[in-house]
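# Architecture and fold: a report
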Amino acid sequence: MICPNCNKSGNVFKRIFVKRSYGENRYCIYCNAEVSVEYKWFKILILGIVILFSLILLQLIMQFIGLPGMNSGVAGALAAAFIAIFIRRPPFVEIKLIKKAKKK
């Protein structure tokens, strides 16, 4: 995610926006700008369905080759990792600047 005010970005392990106890909006940890984070749940649902079918296809290919295949723990971890990484990309999330920071 990229802050629309200061253009700094986070990564998978570091959140750039934090939610405070006194409001429902989120704040940038670098410039303290107030932003609204809206997820596009329909696109996330389509992403989950695509990942599900790709895991089923991978399982069938592994069984066809003669490998033992994946267990449910490995498949669940792969699906969770892909969704957690891609959910924060621009096609799946929209960040709107509500209020700029008074001082940087």
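Right above here is the structure, for reference.
Residues numbered from 1 in each chain as written. Predicted model: local features only at pLDDT ≥ 70, side-chain atom pairs only at ≥ 80, totals over all residues. Heavy atoms only, no water.

## Quick notes on the nonpolar core
The tendency in soluble globular proteins is for nonpolar side chains to be buried as a group. Core analysis: the biggest nonpolar cluster contains ten residues, these being C3, C6, I16, F17, C28, C31, A33, V35, V37 and V93. The next biggest cluster of nonpolar side chains, apart from the first, holds nine residues, and it includes I44, L47, I51 and A79. (Core = buried A, V, L, I, M, F, W, Y, C linked by side-chain atoms within 4.5 Å. Buried < 20%, exposed > 50% of the residue type's maximum accessible area, 1.4 Å probe, protein only.)

## Some words on the packing of aromatic side chains
Applying the stated criterion to the full structure yields three aromatic pairs. When the centroid spacing of 6.1 Å and the interplanar angle of 50° are considered together, the rings of Y22 and Y27 count as tilted. Classification of Y22 by relative accessible area gives exposed; the value is 59%. Seen in terms of ring centroids, F82 and F86 are 6.4 Å apart; in terms of plane orientation they differ by 10°. Their pairing is stacked. Here F86 and F82 lie together in helix α2 (residues 72-86), a separation of four residues that amounts to about one turn. The cationic tip of K8 hangs over the ring face of Y30; the distance from NZ or CZ to the ring centre is 5.0 Å. Positioned above the aromatic ring of Y27 is the side chain of R20, whose terminal nitrogen or guanidinium carbon lies 4.3 Å from the ring centre. (Phe/Tyr/Trp six-rings, centres within 6.5 Å; stacked < 30°, edge-to-face > 60°. Helix = DSSP H or I, 4+ residues; strand = E, 2+ residues; numbered from the N terminus. Lys NZ or Arg CZ within 6 Å of the ring centre and 35° of its normal.)

## Side note on helix α1 (residues 41-65)
Taking 1.5 Å per residue as the helical rise, α1 with its 25 residues ought to reach 36 Å, and the 36 Å between its terminal C-alpha atoms agrees with that figure. For α1, the set of buried residues is I44, L47, I51, L55, Q59 and M62. Looking one or two residues past α1, G66 carries a phi angle of roughly 115°, positive in sign. (Expected span 1.5 Å × (residues − 1).)

## Re the packing of α1 against α2
Contact pair α1 / α2: the axes reach a minimum separation of 10 Å and the direction vectors enclose 145°. You can see that α1 and α2 cross each other, and the crossing is right-handed. Between α1 and α2, the residues in contact are L47, G48, I51 and L55 and A75, L78, A79, F82, I83 and F86, respectively. Considering only residue class, the contact of α1 with α2 consists of nine nonpolar, one polar and no charged. (Axes fitted to C-alpha atoms, helices over the stretch in contact; angles between N-to-C directions. Left-handed = near helix turned anticlockwise from the far one by under 90°. Contact = heavy atoms within 4.5 Å. Nonpolar A, V, L, I, M, F, W, Y, C, P; charged D, E, K, R; others polar.)

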